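Commentary on secondary and tertiary structure
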Amino acid sequence: MTIAVEKVLYTARATADGGRDGKVSTDDGKLAVTVAPPVEMGGNGNGTNPEQLFAAGYAACFHSALKLVARKARQDHIDTDGSTVTAEVGIGPINGGAGYGLQVELVVSLPGVGRAVAEDLVAKAHEVCPYSNATRGNIKVDLQVA
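One structure accompanies this document, and this report is about it. (Residues numbered from 1 in each chain as written. Predicted model: local features only at pLDDT ≥ 70, side-chain atom pairs only at ≥ 80, totals over all residues. Heavy atoms only, no water.)

Attention now goes to the side chain of serine 132. Along the polypeptide, serine 132 turns up in helix α3 (residues 130-135). Among the residues examined, serine 132 registers a relative accessible area of 0% and is labelled buried. Of the polar contacts made by the side chain of serine 132, one reaches the side chain of histidine 126; its length is 2.8 Å. Serine 132 has contacts with Tyr58, Phe62 and His126, leaving out every residue within four places of it along the chain. (Helix = DSSP H or I, 4+ residues; strand = E, 2+ residues; numbered from the N terminus. Buried < 20%, exposed > 50% of the residue type's maximum accessible area, 1.4 Å probe, protein only. Polar contact = N/O pair within 3.5 Å; in protein donor to acceptor, adjacent residues only side chain to side chain. Contact = heavy atoms within 4.5 Å.)

Moving on, we come to the pattern of salt bridges. Under the definition given, this model contains six salt bridges. The partner of arginine 13 in a salt bridge is aspartate 27, with the nearest N and O atoms 3.3 Å apart. Here arginine 13, found in the segment before β1 (14-17), pairs with aspartate 27, found in the loop between β2 (22-26) and β3 (32-35); they are 14 residues apart in sequence, far enough to count as distant. Glutamate 127 is the partner of arginine 136 in a salt bridge, and the nearest nitrogen-oxygen pair spans 3.6 Å. (Salt bridge = Lys/Arg side-chain N within 4 Å of Asp/Glu carboxyl O.)

What follows covers the nonpolar core. Within the largest apolar cluster, 23 residues are counted, with the highest numbers of intra-cluster contacts made by Tyr58, Phe62, Leu66 and Leu106. Listed by contribution, the elements that provide at least two residues to this core are α1 (50-72), β4 (84-94), β5 (99-109), α2 (115-128) and β6 (140-145). Once residues lying within four places of it in the same chain are set aside, the contact partners of leucine 106 are Tyr58, Phe62, Val85, Thr86, Ala87, Val141, Asp142, Leu143 and Gln144. (Core = buried A, V, L, I, M, F, W, Y, C linked by side-chain atoms within 4.5 Å.)

Remember, this is a structural readout, not a statement about activity or role.
Shown next, in the form of structure tokens:
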């Protein structure tokens, strides 16, 4: 099932040249990075890689979704209590080596929030987050409450 955006609020544009051994920059000049495969994938590791960029975006977006659902649940202190989301993005072969796939683990820390409430907020954030909606049914995403 394809999810259609009802109204585009913002469009990001980035251009890559050189693939995993090149550069990526946004049209507004706010991001310009050298990309390189990690050592584990035969690269020299002298740059960031697409998985790190994806992890950074997913973690930031999920944290915003978490704060949104927390406000709705009247758990406003999550905005200021040192809560964090860490995204671990793994890449590896799929279909017997015919291609590559991703998997994600999101580790959420909500200091001062009981486990049951934290798990409920994380589950609700997973329904709201655009990255979660984009990956749902496509890649494995594990949610962990630290």
